[in-house]
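Each chain is listed here by its residues.
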Amino acid sequence: MKRIEVVAAILIDKDGRIFATQRGYGDWKDWWEFPGGKIEAGETPQEALRREIREELDAEIVIDDLWRTIEYDYPQFHLTMHCFRCRLAHSHLTLLEHEAARWLSPQDLHSVRWLPADKEIIDELSRL
């Protein structure tokens, strides 16, 4: 089975809200996810996450720590997703790749349709 390794930003603002983005393309179009993407050759996960957030949101982040790593089997591939707790270095965000985005309180996290691999994290975050 094909293996894909990605990074994801669990962006949390000063009010405890979590940032969610809606995919605008592919098989999972319209599903919600944490921003991030594939790790390129020669990159550390943290370098990849900073690059992906610049590319997707035109933003700079501060990475606080690794929340956890999710292993998930999609029908076409196995996903390894390193999820980092982060915050914005500045309040500026511009959607460059996603259809929509929302800041969700922990209680509202289940109000959108999350990608299957993200659901495990959502269940943990909703209990905060």
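In what follows, the structure referred to is the one given above.
Residues numbered from 1 in each chain as written. Predicted model: local features only at pLDDT ≥ 70, side-chain atom pairs only at ≥ 80, totals over all residues. Heavy atoms only, no water.

**Q** Give me the lowdown on the pattern of salt bridges, citing residues and values where you can.
**A** Between side chains of opposite charge, a pair can form as their charged atoms come close. Tallied over the entire structure, the rule returns 14 salt bridges. With a closest N to O distance of 3.3 Å, Lys29 and Asp30 form a salt bridge. What makes Lys29 partly exposed here is its relative accessible area of 38%. When its relative accessible area of 29% is taken as the criterion, Asp30 is described as partly exposed. Here Glu120 makes a salt bridge to Arg68, at a shortest N to O gap of 2.8 Å. Note that Glu120 is positioned in helix α2 (residues 119-125) and Arg68 in strand β5 (residues 61-73), a separation of 52 residues in sequence. Among the charged side chains, a salt-bridge network with shared partners connects Glu40, Glu43, Arg51, Glu52 and Glu55. (Salt bridge = Lys/Arg side-chain N within 4 Å of Asp/Glu carboxyl O. Buried < 20%, exposed > 50% of the residue type's maximum accessible area, 1.4 Å probe, protein only. Helix = DSSP H or I, 4+ residues; strand = E, 2+ residues; numbered from the N terminus.)

**Q** Now, about the nonpolar core: what can you tell me, with residues and values included?
**A** Counting 25 residues, the largest nonpolar core has Phe34, Leu79, Met81, Cys83, Trp114, Ile121 and Leu125 as the members making the most contacts within it. Listed by contribution, the elements that provide at least two residues to this core are β1 (2-11), β2 (18-22), β5, β6 (77-88) and α2. Every residue in contact with Leu79, bar those within four places of it in the chain, is listed here: Ile4, Val6, Ile70, Glu71, Tyr72, Tyr74 and Ala117. Residues Ala9, Leu11, Phe19 and Leu57 belong to the second largest nonpolar core, which totals 13 residues. (Core = buried A, V, L, I, M, F, W, Y, C linked by side-chain atoms within 4.5 Å. Contact = heavy atoms within 4.5 Å.)

**Q** Let's hear about the sheet that holds strand β4 (residues 36-38): which residues, and what values?
**A** Across the sheet, 4 strands lie side by side as β4-β1-β6-β5; this open sheet has mixed pairing. Edge strands, defined here as strands with exactly one partner in the open sheet, are β4 and β5. Between one strand and the next, the sheet's axes are offset by a mean angle of 20°, whatever the strand orientation. Sheet topology note: the β1/β6 ladder contains 10 bridges and is parallel. (Pairing = 2+ DSSP bridges. Axes fitted to C-alpha atoms, helices over the stretch in contact; angles between N-to-C directions.)

**Q** Lay out the sheet that holds strand β3 (residues 32-33) with the relevant residues and their values.
**A** As summarised here, the arrangement of the 3 strands in space is β3-β2-β7, forming an open sheet in which the pairing is antiparallel. The sheet is open, and its two borders are formed by β3 and β7 (100-104), each paired with just one other strand. The pairing of β2 with β3 spans 2 bridges and is classified as antiparallel. Looking at the pairing, Gln22 lines up with Trp32 of β3.

As far as function goes, none of this settles anything; it's purely spatial.
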